[in-house]
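Overview (structure and organization)
Given next are the chains, with one letter for each unit.
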Protein chains: 2
Amino acid sequence: MTASLGGRELAADLRRRTAESAATLTAAGRPPRLAIVVATADESSAWYVRSIAKAAAAAGIVCDVVSPTPTEIHTVLSRLGADDDVHGIILQTPLPAGVDVGDLAPAIPPAKDVDGANPASLGRLAAGLPSFPPATAEAVLALLDHHGVPLSGRHAVVVGRSTVVGKPAAHLLLDRDATVTICHSRTSDLAAITRQADVLVAAVGRPGLITTEHVSPGTVVIDVGTNPTADGGLVGDVDPAVAETAGGLTPVPGGVGPVTTALLLQHTVRAAGGP
Amino acid sequence: MTASLGGRELAADLRRRTAESAATLTAAGRPPRLAIVVATADESSAWYVRSIAKAAAAAGIVCDVVSPTPTEIHTVLSRLGADDDVHGIILQTPLPAGVDVGDLAPAIPPAKDVDGANPASLGRLAAGLPSFPPATAEAVLALLDHHGVPLSGRHAVVVGRSTVVGKPAAHLLLDRDATVTICHSRTSDLAAITRQADVLVAAVGRPGLITTEHVSPGTVVIDVGTNPTADGGLVGDVDPAVAETAGGLTPVPGGVGPVTTALLLQHTVRAAGGP
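Conventions used here
- Residues numbered from 1 in each chain as written.
- Chains lettered and ligands numbered in written order.
- Predicted model: local features only at pLDDT ≥ 70, side-chain atom pairs only at ≥ 80, totals over all residues.
- Heavy atoms only, no water.
- Domains from an automatic or database assignment.
- UniProt positions renumbered as here; feature names shortened; annotations may be inferred.
- Helix = DSSP H or I, 4+ residues; strand = E, 2+ residues; numbered from the N terminus.
- Pairing = 2+ DSSP bridges.
- Axes fitted to C-alpha atoms, helices over the stretch in contact; angles between N-to-C directions.
- Core = buried A, V, L, I, M, F, W, Y, C linked by side-chain atoms within 4.5 Å.
- Buried < 20%, exposed > 50% of the residue type's maximum accessible area, 1.4 Å probe, protein only.
- Contact = heavy atoms within 4.5 Å.
- 1 Å grid on protein atoms, 1.4 Å probe; cavity = no way out; pocket = protein on both sides within 12 Å on 5 of 7 lines; lining within 4 Å.
- Points joined across faces, edges and corners; volume = space filled by probe spheres on them.
- Nonpolar A, V, L, I, M, F, W, Y, C, P; charged D, E, K, R; others polar.

Here we take up the domain arrangement of chain A. Taken domain by domain, chain A holds domain 1 (26–109) and domain 2 (135–255). Each of domain 1 of chain A and domain 2 of chain A was reduced to a C-alpha centroid, and the two centroids are 28 Å apart.

Quick look at the UniProt feature "domain: Tetrahydrofolate dehydrogenase/cyclohydrolase NAD(P)-binding" (unreviewed entry) in chain A now. When the UniProt feature table is mapped onto this chain numbering, "domain: Tetrahydrofolate dehydrogenase/cyclohydrolase NAD(P)-binding" (unreviewed entry) sits at residues 134–272 of chain A. Counting secondary structure, residues 134–272 of chain A comes out at 31% helix and 17% strand; the distance between its end C-alpha atoms is 18 Å.

Glancing now at the sheet that holds strand S1 (residues 3–4) of chain B. Reading across the sheet, the 12 strands line up as S1(A)-S11(A)-S8(A)-S7(A)-S5(A)-S6(A)-S6(B)-S5(B)-S7(B)-S8(B)-S11(B)-S1(B) and stay open at both edges, with mixed pairing between neighbours. Every other strand in the sheet has two partners, leaving strand S1 (3–4) of chain A together with S1 of chain B as the edge strands with one partner each. The pairing of strand S5 (residues 155–159) of chain A with strand S7 (residues 199–202) of chain A spans four bridges and is parallel. Each residue of the ladder has a partner; that of Val158 of chain A, found in S7 of chain A, is Val201 of chain A.

Next up on the list: the sheet that holds strand S3 (residues 62–66) of chain A. Residue and element names in this part refer to chain A. The strand order across the open sheet built from three strands is S3-S2-S4, with neighbouring strands paired in parallel fashion. With one partner strand each, in any of the chains shown, S3 and strand S4 (88–91) form the two edges of the open sheet. Each strand axis lies, on average, 15° off the axis of its neighbour in the sheet, ignoring direction.

Our next topic: the nonpolar core. Counting residues in hydrophobic clusters, the biggest one holds 112 residues, and the most contacted among them are Leu144, Leu173 and Val259 of chain A together with Leu144, Leu173 and Val259 of chain B. In contact with Leu144 of chain A, not counting residues within four places along its chain, are Val149, Leu151, Leu173, Val199, Val220 and Ile222 of chain A.

Glancing now at empty space enclosed by the protein. Following the criterion strictly, the structure yields two cavities of 30 Å³ or more and no others. In this structure, the largest cavity encloses a volume near 50 Å³. Lys167, Ala170, His171 and Ile182 of chain A together with Lys167, Ala170, His171, Leu174 and Ile182 of chain B together form the lining of the largest cavity. For the lining of the largest cavity, the secondary structure elements donating two or more residues are helix H7 (166–175) of chain A together with helix H7 (166–175) of chain B. Considering each element in turn, the lining of the largest cavity owes the most residues, four residues, to H7 of chain B. Counted by class, the lining of the largest cavity contains five nonpolar, two polar and two charged residues. Considering only enclosed or pocket space, the second largest cavity measures out at about 30 Å³ in volume. Forming the walls of the second largest cavity are His155, Thr181, Ile193 and Gln196 of chain A together with His155, Thr181, Ile193 and Gln196 of chain B. Here the residues of the lining of the second largest cavity are counted per class, giving two nonpolar, six polar and no charged.

In structure tokens form, the structure reads like this:
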């Protein structure tokens, strides 16, 4: 009954257009270049970085993976920020113990901040000024648009208040004239609030957090969770049984994830001056 | 029946402590100094600037009012930003036609941005990093705390999504573990949402927007509106009849207003290195 709101078709379309822009830029002597700064040996992070690097190569974007020591991170970010040949910079999390993203991300110039990590980018987003939103948060909106879900005047409920997903997604939804509620671990009676949602965004990182009890008939559910399973798979924050009630549900994997990667690459060609 | 949640006592207390800090700083050869940049002849703006200047003088803070032409504003902000003797900078709105606050406010260094106008300050606030919030938004929280209103796990509904009040107030409430809903002109059935609020913040600038229909028994209502009346007075966004139902209501004038001015001065002495 419920539509599966997949992201692979949208991601492929974004990648195709990004590759066209990258080819145009490269032909003009300005090959788009992305730098990913990875400062820990975290395994799931390494997997994610490899997948971005592979997608970048396929789209014709040069991708450098830089691995500084903890004390070098700030210097490396400043150097990349000043390098005219580098157009996009991603500071991969988690960071080493004792190193704070809030201290480092301001070293990424907003014009190169393709994953919206600098608080100045978040502030510009909140103030309605041009900026790169965190790609995951933008992927939520891109999926809603791709599947024709109306937002103006509708009630969007975001579960999760992280700086990388929940908060920027709330601002993007607000900018589209949705009424927005932000819930989190301290919310009392979560289900009573989420059942009012026309659009429900689950971005907590807890498998099975959203159950049929949390969803009304017709609610469109965007599952941002990517939780590793014991057998090496991936599950979201939403119980798959929700599909029987909801008006639409994004799959995990194959929903928000591929669109996020595609948007990171799109941001990079835009930062390089592409369309 | 309803408590009147006045702000004058809190404001007086804030001003007293600020004056003590200012005296200590001045005795140490570091007199706190606030610069207000006023680029239009708007009358209500001029009244507000005079009231801040007067309050600053009373607290022992040097206050310079600077009136650049539209083309000089950016240069003046940069000069004040670089001047070690200036600790706080306010860019007064409205700005002249054709001049955009989003282009100018980034020239205010976050460390001197005592009214949180720079999008970088909003981003730092949203990311939970140290910053000066817009004083009006912080006044909402200061009043709730002063009157002992609990926030953790409660539902706060903010009506209005401006960069200077609605959005930063939402982040401050979220940071205090409230569940937060942001409503605005495109919200359908506003009353159905506001009636669910434990705390209701009205920050739209429309007299009588919030009526008894919008409020449940026990809701604490913070009225941020300051709308001029034909006879030279001031009314809020909330119909005074709401007081009969609500669990508490801030008066206009005498609620958010005096606390806002006191917080601007507190921010200035903090920017100067005071406690």
